[in-house]
Amino acid sequence: MNYRHAFHAGNHADVFKHLTLTRIIALMSRKEQPFAYLDTHAGIGLYDLQGDQASRTGEYLEGIARLWDQPDLPALTADYMKVLHDMNPDGQLRYYPGSPELARRLTRPQDRVMLNEKHPEDGLLLKDNMAGDRRVKVHLGEGWHVPRAMLPVQEKRAVMLIDPPFEQLDEMQRCAASLKEAIGRMRQTVAAIWYPVKDQRMLRRFYQDLAGTGAPKLLRVELLVHPLDTPNSLNGSGLAIANPPWGLEEELRELLPWLSKKLGQTQGGWQMDWLIAES
């Protein structure tokens, strides 16, 4: 799977991932105590849906475009949609936020945003896109080193997104290893791993690896746009969330049935359970 993100910006997987991220940030923000946001594979931060790459695939048309003009959006989408409307003040959907831009806009003055991108060209674009916000630091390096390099954080609370390009066959194993290292260095880290729902054999091994990370609790959430057995297709995407903030499971149970109807293609669906239940 080749996942240079600009080709896929705003697709169904992005909508699911970013909506969930906005809810994690909102729930973390209920307490005054600051937190640090870490992004291991940050990309360039924001995307032009009319640019060459996004317009070539048009994946956003079956993602964020399906929500853009909807009058009946659930209240839980408000933070996400406000960022989008602030970025597109003329009412025409063109610019789409990556996770760094969502985090930058939705975190508070007392919070920090720590972004990492390995690709040199993308990293420089990320620095340009994040310029002017003193709370944001951009690092150019290997994303798999982020837990070791940046945890624990001085804030005592952390949200970490692990969202690799999935260009290498071992990246699911490396996701699980990164989560294990993050939990080992800062046990209370809220860590979310995004992954494609495509190869069931690889996923079964991935779930086993995740269950062995030693996380205090680990929630598995998946949004499907095709049946699981659809060949040669991205059938959906998932998030494995360690230490999800209190209230997130209930919010997702409210959001996911609606989201699966809006974004389903041949067949929408969703599933959620605990890979590691709280002891």
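The preceding data block contains the structure.
Residues numbered from 1 in each chain as written. Predicted model: local features only at pLDDT ≥ 70, side-chain atom pairs only at ≥ 80, totals over all residues. Heavy atoms only, no water.

### Focus on the overall build of the protein chain
Here is step 1: Helix and strand counts for the protein chain stand at ten helices and ten strands.
Here is step 2: In summary, the protein chain has a C-alpha radius of gyration of 17 Å against a globular reference of 19 Å for 279 residues, a match within 12%.
Here is step 3: With the principal axes as the frame, the protein chain shows a C-alpha extent of 45 × 40 × 35 Å.
Here is step 4: Relative to its 279 residues, the protein chain shows a buried fraction of 57%. (Helix = DSSP H or I, 4+ residues; strand = E, 2+ residues; numbered from the N terminus. Rg over C-alpha atoms; globule rule 2.2 N^0.38 Å. Buried < 20%, exposed > 50% of the residue type's maximum accessible area, 1.4 Å probe, protein only.)

### Details of the nonpolar core
Here is step 1: Leu38 and Ile64 are the most contacted members of the largest nonpolar core, which totals 89 residues.
Here is step 2: Counting residues per element, this core draws most heavily on helix H1 (residues 12-28), which supplies nine residues.
Here is step 3: Sequence-distant contacts of Ile64, defined by excluding residues within four places in its chain, comprise Gly10, Val15, Leu49, Tyr80, Met81, Leu84, Leu93 and Tyr96. (Core = buried A, V, L, I, M, F, W, Y, C linked by side-chain atoms within 4.5 Å. Contact = heavy atoms within 4.5 Å.)

### A closer look at empty space enclosed by the protein
Rolled over the atoms, a probe sized like a water molecule indicates the empty space that remains.
Here is step 1: Tallied over the full model, the rule gives one cavity of 30 Å³ or more.
Here is step 2: Within this model, the largest cavity holds a volume of roughly 40 Å³.
Here is step 3: Taken together, Phe16, Leu19, Thr20, Leu252, Leu255, Leu256 and Leu259 make up the full set of residues lining the largest cavity.
Here is step 4: Elements supplying a minimum of two residues to the lining of the largest cavity: H1 and helix H10 (248-263).
Here is step 5: For the lining of the largest cavity, the leading source of residues is H10, giving four residues. (1 Å grid on protein atoms, 1.4 Å probe; cavity = no way out; pocket = protein on both sides within 12 Å on 5 of 7 lines; lining within 4 Å. Points joined across faces, edges and corners; volume = space filled by probe spheres on them.)

### Side note on the sheet that holds strand E5 (residues 136-139)
Here is step 1: Strand order in this open sheet of eight strands is E5-E4-E1-E6-E7-E9-E8-E10, and the pairing throughout is mixed. Each having just a single partner strand, E5 and strand E10 (269-276) make up the two edges of the open sheet. Pairwise comparison of adjacent strand axes, ignoring direction, gives a mean angle of 15° for this sheet.
Here is step 2: Packing of H1 onto the sheet brings it into contact with strand E1 (36-39), strand E6 (158-162), strand E7 (190-197), strand E8 (218-224) and strand E9 (236-242), and relative to E9 it is tilted by some 20°.
Here is step 3: Along the sheet, H10 contacts E8, E9 and E10; its crossing angle with E10, the most-contacted strand, is approximately 150°. (Pairing = 2+ DSSP bridges. Axes fitted to C-alpha atoms, helices over the stretch in contact; angles between N-to-C directions.)

### Some thoughts on the pairing of E5
Here is step 1: Side chains Val136 and Val138 project from E5 onto a buried face, and the interleaved Lys137 and His139 project onto a face without burial.
Here is step 2: Where strand E4 (residues 112-116) meets E5, four bridges bridge the pair, whose relative direction is parallel. Bridge pairing in E5 links Met114 to Lys137.
Here is step 3: Viewed along the sheet, the connection from E4 through helix H6 (residues 120-130) into E5 turns out right-handed. (Right-handed = clockwise from strand over helix to strand, strands pointing away.)

### Considerations on the environment of Leu126
Here is step 1: The topology assignment puts Leu126 in helix H6.
Here is step 2: The exposure class assigned to Leu126 is buried, which follows from its relative accessible area of 0%.
Here is step 3: Residues Leu126 and Asn116, ten residues apart in the sequence, show an inter-C-alpha distance of 9.1 Å.
Here is step 4: Not counting residues up to four positions away in its chain, the partners in contact with Leu126 are Ala42, Gly43, Ile44, Gly45, Pro100, Leu115, Glu117 and Val138.

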